[in-house]
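Each chain, written out:
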Amino acid sequence: MATQLNAAPVIEARGITIGYPDAPRPVLEGFDLSVRAGEFVAIVGGSGVGKSTLLRVVGGLVAPERGSVAVTTPEAKDRRRRSIVFQDGRLMPWRTLRANVAYGLEGLKVAAAERDRRIDEVLRLTGLEAMADRYPHQLSGGQVQRGGIARALAVNPDILLMDEPFSAVDALTRESLQDEVLRIWGESGKAVLFVTHDIAEAAFLADRVIVLSGRPAGIALDRQIDLPRPRARGSAELAAHAAEIGAAL
Ligand SMILES: Nc1ncnc2c1ncn2[C@@H]1O[C@H](COP(=O)(O)OP(=O)(O)O)[C@@H](O)[C@H]1O
Ligand SMILES: [Mg+2]
């Protein structure tokens, strides 16, 4: 997969300022971020630095006090341009996997046949076709996470926002989910903004790694990872990038 150096931005955040009422200083102040179409960007930073806050602003869940977030692709009634995958998958326990994936489509203008086609497609893409009629408690932790990804993909976003999506699964599952997310990214062509506190994960996955630090949070490093894919875990090149990211943290 080539990096997307020439692609147009799919999302542009400019001059974002946001804080919380009881805090003396804002979490972000005059913060800029842009992600190109099809680009895989990882955001790394310590606990409490503002990664989730940034993701929620970029994802349109909360409005910044100042600044703007522009999604550059045209709006449409049959899709959402941004979609979020949370840490715990957040599947509704009373719905089957299929009905969970359908949930995001319920507020959109999508005909029944097209809805079913999309659900089948994202279940296939996430390797969950055989699980469609199961309830969340009948799925493994990794399958629940993939279900969260399937639900986010069903709305056909230009950018998939992921907030530490693999932090609650065991190490082996985590590696296989990383491989899955790269395959899904490659097949779907979506841009991904992936928040993690795991340096090795960021270097392994991303075209570009952004390190946040301080309060208000600034960009301590914005590094292109120009390694060919598929990448080998444990390679010296990857370790060198990880060391540089670690030094900026
Ligand atoms: N709802 C909230 N009310 C008050 N403070 C909050 C709230 N959410 C987050 N914060 C504070 O804002 C800072 C950034 O939080 P967050 O974006 O969740 O960081 P991260 O995801 O990097 O761990 C932290 O200091 C946190 O305590
Ligand atoms: Mg967080």
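The text that follows walks through the structure, step by step, so that each part is easy to find. Note that this is a predicted model, so its numbers are computed, not measured. (Residues numbered from 1 in each chain as written. Chains lettered and ligands numbered in written order. Predicted model: local features only at pLDDT ≥ 70, side-chain atom pairs only at ≥ 80, totals over all residues.)

Observations regarding the sheet that holds strand β4 (residues 66-71)
- Read from one edge to the other, the open sheet built from three strands follows the order β2-β1-β4, with strand pairing classed as antiparallel. Edge positions in the sheet fall to β2 (28-36) and β4, since each has one partner strand and no second. Going across the sheet, the axis of each strand differs from the next one's by a mean of 10°, ignoring polarity.
- Note that strand β1 (residues 9-18) and β4 share five bridges and pair antiparallel. Directly across from Ala13, in β4, lies its bridge partner Val69. (Pairing = 2+ DSSP bridges. Helix = DSSP H or I, 4+ residues; strand = E, 2+ residues; numbered from the N terminus. Axes fitted to C-alpha atoms, helices over the stretch in contact; angles between N-to-C directions.)

A few points about the packing of helix α4 (residues 141-154) against helix α5 (residues 171-188)
- Between α4 and α5, the least distance of the axes is 10 Å, while the angle of their chain directions is 20°. The angle between α4 and α5 falls in the class roughly parallel. Where α4 crosses over α5, the handedness of that crossing is right-handed. Residue-level inspection shows Gly141, Gly142, Gln145, Arg146, Ile149 and Leu153 of α4 in contact with α5, the latter providing Thr173, Ser176, Leu177, Glu180, Ile184 and Ser188.
- Here the residues of the contact of α4 with α5 are counted per class, giving four nonpolar, six polar and two charged. (Parallel < 35°, antiparallel > 145°, perpendicular 65-115°, else oblique. Left-handed = near helix turned anticlockwise from the far one by under 90°. Contact = placed C-beta atoms within 7 Å. Nonpolar A, V, L, I, M, F, W, Y, C, P; charged D, E, K, R; others polar.)

Quick word on the pairing of β1
- As judged from the six bridges shared by β1 and β2, these two strands associate in the antiparallel manner. Note that in β2 the partner of Glu12 across the bridge is Ser34.

Quick word on the environment of Asp226
- Along the chain, Asp226 turns up in the loop between β9 (218-224) and α7 (236-248).
- Owing to 12 C-beta atoms within 10 Å, Asp226 belongs among the exposed residues under this scheme. (Buried ≥ 20, exposed ≤ 12 C-beta atoms within 10 Å, placed from the backbone.)

Notes on the nonpolar core
- In this structure, Val41, Leu193, Phe194 and Val209 are the most contacted members of the largest nonpolar core, which totals 61 residues.
- Shared between two domains, this core takes at least three residues from each, and those domains are domain 1 (1-73 + 158-249) and domain 2 (90-155). (Core = buried A, V, L, I, M, F, W, Y, C linked by C-beta atoms within 7 Å. Domains from an automatic or database assignment.)

Overview of the site of ligand 1
- What surrounds ligand 1 is the set Tyr20, Ala23, Val27, Gly45, Ser47, Gly48, Val49, Gly50, Lys51, Ser52 and Thr53.
- A per-element tally of the shell around ligand 1 places helix α1 (residues 51-58) first, with three residues. (Near = placed C-beta within 6 Å.)

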